[in-house]
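Overview (structure and organization)
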Amino acid sequence: MIGNITKGNGFYGVCAYVMGKPGARVIGGNMAGTTPGELAWEFRKFSSLNDRASQPVLHLSFSPAPKDKLLSDLEYYCIAQDLLDGLELNKNQYLLALHYDAEYQGKTRPHAHMIINRVNIDGECNDAYKDYYRTELVLRQIETCLPHPNARKR
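Scope of this entry: the structure provided in the associated data block.

**A short note on the packing of aromatic side chains**
Going through the model one piece at a time under the given rule, you end up with 2 aromatic pairs. Their ring planes at 5° and their centres at 4.7 Å tell us that Phe11 and Phe43 sit as a pair that is stacked. Separated by 32 residues along the polypeptide, Phe11 in helix α1 (residues 11-20) and Phe43 in helix α2 (residues 36-47) bring together distant segments of the chain. For the pair Phe11 and Phe43, a shared accessibility class is recorded, and that class is buried. In this arrangement the basic side chain of Lys130 is found over the ring face of Tyr133, its NZ or CZ atom lying 6.0 Å from the centre.

Pasting the structure below:
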C-alpha cells in the first residue's frame, strides 16, 4: 500500500481537486454536503472550533501497490476506517473518494483520496507529530490483513 499526506488550510481547493477529477466517485464519509463549496463550508464550521489549528486540512491518499489485487469499494472503505482509527481521527469529519487516473503497465488503477478535518467534533486538533511515519505503520498493518492476489479462494 502506498500512502501520501499533505496538510493545508484551504478546504475548498482540496475538495474541488478530489471531486473535480473526471470519473471521481465519493464512496464514503460523514459529510452532508455534495459540492466542493458545501463541503468546504461544512469543514470550516468544525475547524473554527479551534482557532489555533493553522493547518486543519489533512489530505491523505492511498493506493494498492501495482502488484496488489484490485480492491472493491467496500475494501477501500474498510481501509479508510482502519486509517481513521489507527491515526486517532475517528471523531473527525472526512470524505472518501476514488480516482481512476493512475496507470500501471497500460492498465488504469484506482486510488483513494481522503479529506479529513484535523479538528474533531470536540474542537481538539489531531496531533500531527510523526504523521507520515504513523500512516506508514498503519498501512503496513492493514496490508497484513488484505488477501494476497495469488492466494487460493476457499
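On we go from here.
**Concerning the environment of Thr108**
Following the sequence through the fold, Thr108 ends up in strand β5 (residues 107-117). Using a relative accessible area of 43% as the deciding quantity, one classes Thr108 as partly exposed. Sequence spacing of Thr108 and Lys67 is 41 residues, and the spatial spacing of their C-alpha atoms is 13 Å. Those residues within four positions of Thr108 in sequence are excluded, and the remaining contacts are Tyr100, Ala102 and Glu103.

**Focus: the side chain of Gln93**
Within the fold, Gln93 resides in the loop between α3 (73-86) and β4 (94-104). Residue classification places Gln93 among the buried residues on the basis of a relative accessible area of 5%. Of the polar contacts made by the side chain of Gln93, one reaches the backbone oxygen of Glu42; its length is 3.2 Å. When neighbours within four sequence positions are excluded, Gln93 is seen to be in contact with Asn30, Met31, Glu42, Phe43, Phe46, Ile115, Ile116 and Asn117.

**Some words on α3**
Helix length check: α3 (14 residues) gives 20 Å between terminal C-alpha atoms against 20 Å at 1.5 Å per residue, within 8%. Those residues of α3 lying buried are Tyr76, Ile79, Ala80, Leu83 and Leu84. Down the axis of α3, the buried side of the element spans an arc of 140°, and every buried residue falls inside it. Downstream of α3 by a residue or two, Glu88 has a phi angle that is positive, lying close to 55°.

**Considerations on unusual backbone geometry**
Its identity as a non-glycine residue notwithstanding, Glu88 has a phi of 55°, on the positive side. When its relative accessible area of 62% is taken as the criterion, Glu88 is described as exposed. Of note, Lys130 is a non-glycine position whose phi angle comes to about 55°, a positive value.

**Section: the pattern of salt bridges**
Pairing between side chains becomes possible if they bear opposite charge and their charged atoms approach one another. Applying the stated criterion across every chain, the model contains 6 salt bridges. With a shortest N-O distance of 2.6 Å, Lys21 and Asp101 are connected by a salt bridge. One end of the pair, Lys21, is in the loop between α1 and β2 (25-29); the other, Asp101, is in strand β4, with 80 residues separating them in the sequence. Residue classification places Asp101 among the partly exposed residues on the basis of a relative accessible area of 42%.

Criteria and cut-off values
- Residues numbered from 1 in each chain as written.
- Predicted model: local features only at pLDDT ≥ 70, side-chain atom pairs only at ≥ 80, totals over all residues.
- Heavy atoms only, no water.
- Phe/Tyr/Trp six-rings, centres within 6.5 Å; stacked < 30°, edge-to-face > 60°.
- Helix = DSSP H or I, 4+ residues; strand = E, 2+ residues; numbered from the N terminus.
- Buried < 20%, exposed > 50% of the residue type's maximum accessible area, 1.4 Å probe, protein only.
- Lys NZ or Arg CZ within 6 Å of the ring centre and 35° of its normal.
- Contact = heavy atoms within 4.5 Å.
- Polar contact = N/O pair within 3.5 Å; in protein donor to acceptor, adjacent residues only side chain to side chain.
- Expected span 1.5 Å × (residues − 1).
- Arc of directions from axis to C-beta.
- Salt bridge = Lys/Arg side-chain N within 4 Å of Asp/Glu carboxyl O.

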